[in-house]
Amino acid sequence: MPSRPTPDAPRYRITLFYGPESVADAPGRVVCVFNVKKRSWKGGVQAAVEIEQEQIVRIRQAIGFDPWLKTVLAVAPDAERCDYESRASDLFVQGLCALKLDLAIEAGVSQDNQTIPAEAWLVEVDHAALQQADRMKEQLLAELDIPTG
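Note that this is a predicted model, so its numbers are computed, not measured.

Draft legend 1. Spatial organisation of the packing of helix H3 (residues 78-107) against helix H5 (residues 133-144). H5 packs onto H3 with a crossing angle of 135° between their chain directions and a minimal axis gap of 10 Å. Regarding the angle of H3 to H5, the classification is oblique. Judged by the twist between their axes, the crossing of H3 over H5 is right-handed. Judged by residue contacts, Tyr84, Arg87, Ala88, Leu91, Phe92, Gly95, Leu96 and Leu99 of H3 engage Arg135, Met136, Leu140, Glu143 and Leu144 from H5. The residue inventory of the contact of H3 with H5, partitioned by class, reads nine nonpolar, one polar and three charged.

Have a look at this one:
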């Protein structure tokens, strides 16, 4: 009986710890903190991923996020729509931070707690968000679990 190849296990296990939250000493900047664990590491590290509100707004506009979200939320109950909008905004920022973390991991990440500053990977995050906009929206829809009727 032929054996099927097993899919490669991911090299890193990444989980959102918290965020987005405002950065206290940097107005207009938010941070998401992730736990990152490489299979060969004994323990994980925390990676704080910063992003500027200006970049978030720019990407939202570039991918048509707000009109798309308005259409999606049209089926949500009126009383819950504001909560869904807030949650969707948080999920969107988490998605952008995750894209940025992926870029940092591809470049090589050490086994140390670290901060990926807002200034890092600007163009690359913009580009990745445009390329992966549909996937990000699908993930957001799955997470929101909006009732359809």
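Draft legend 2. Summary view of helix H4 (residues 122-131). Among the residues making up H4, those that are buried are Val125, Ala128 and Ala129. Buried residues of H4, seen end-on, are gathered within an arc of 100° and therefore sit on one face of the element. Residues of H4 that are exposed and angled more than 90 degrees away from the buried face: Val123 and Gln131.

Draft legend 3. Quick look at the pairing of strand E2 (residues 29-38). Taken across its ten residues, E2 has eight buried, putting it largely inside the fold. Bridge count for strand E1 (residues 12-22) against E2 is eight bridges, and the pairing is antiparallel. Looking across to E2, one finds that tyrosine 12 is bridged to lysine 38. Linking E1 to E2, which pair antiparallel, is a turn of six residues; within it glycine 28 sits at a positive phi near 85°. Of the pairings in the sheet, the one linking E2 to strand E3 (residues 45-52) comprises eight bridges and is antiparallel in character. Following the sheet pairing, valine 30 is matched in E3 by isoleucine 51. Connecting E2 to the next strand, E3, in antiparallel fashion are six residues.

Draft legend 4. Examining the sheet that holds E3 more closely. An order of E1-E2-E3-E4 is seen for the four strands of this open sheet, with the pairing classed as mixed. If you trace the sheet from one side to the other, it starts and ends with E1 and strand E4 (114-116), each paired once. Each adjacent strand pair in this sheet contributes to an overall mean axis angle of 25°, direction not counted. Pairing of E3 with E4, which is carried by three bridges, proceeds in the parallel orientation.

Reading guide: rules and limits
Residues numbered from 1 in each chain as written. Predicted model: local features only at pLDDT ≥ 70, side-chain atom pairs only at ≥ 80, totals over all residues. Heavy atoms only, no water. Axes fitted to C-alpha atoms, helices over the stretch in contact; angles between N-to-C directions. Helix = DSSP H or I, 4+ residues; strand = E, 2+ residues; numbered from the N terminus. Parallel < 35°, antiparallel > 145°, perpendicular 65-115°, else oblique. Left-handed = near helix turned anticlockwise from the far one by under 90°. Contact = heavy atoms within 4.5 Å. Nonpolar A, V, L, I, M, F, W, Y, C, P; charged D, E, K, R; others polar. Buried < 20%, exposed > 50% of the residue type's maximum accessible area, 1.4 Å probe, protein only. Arc of directions from axis to C-beta. Pairing = 2+ DSSP bridges.

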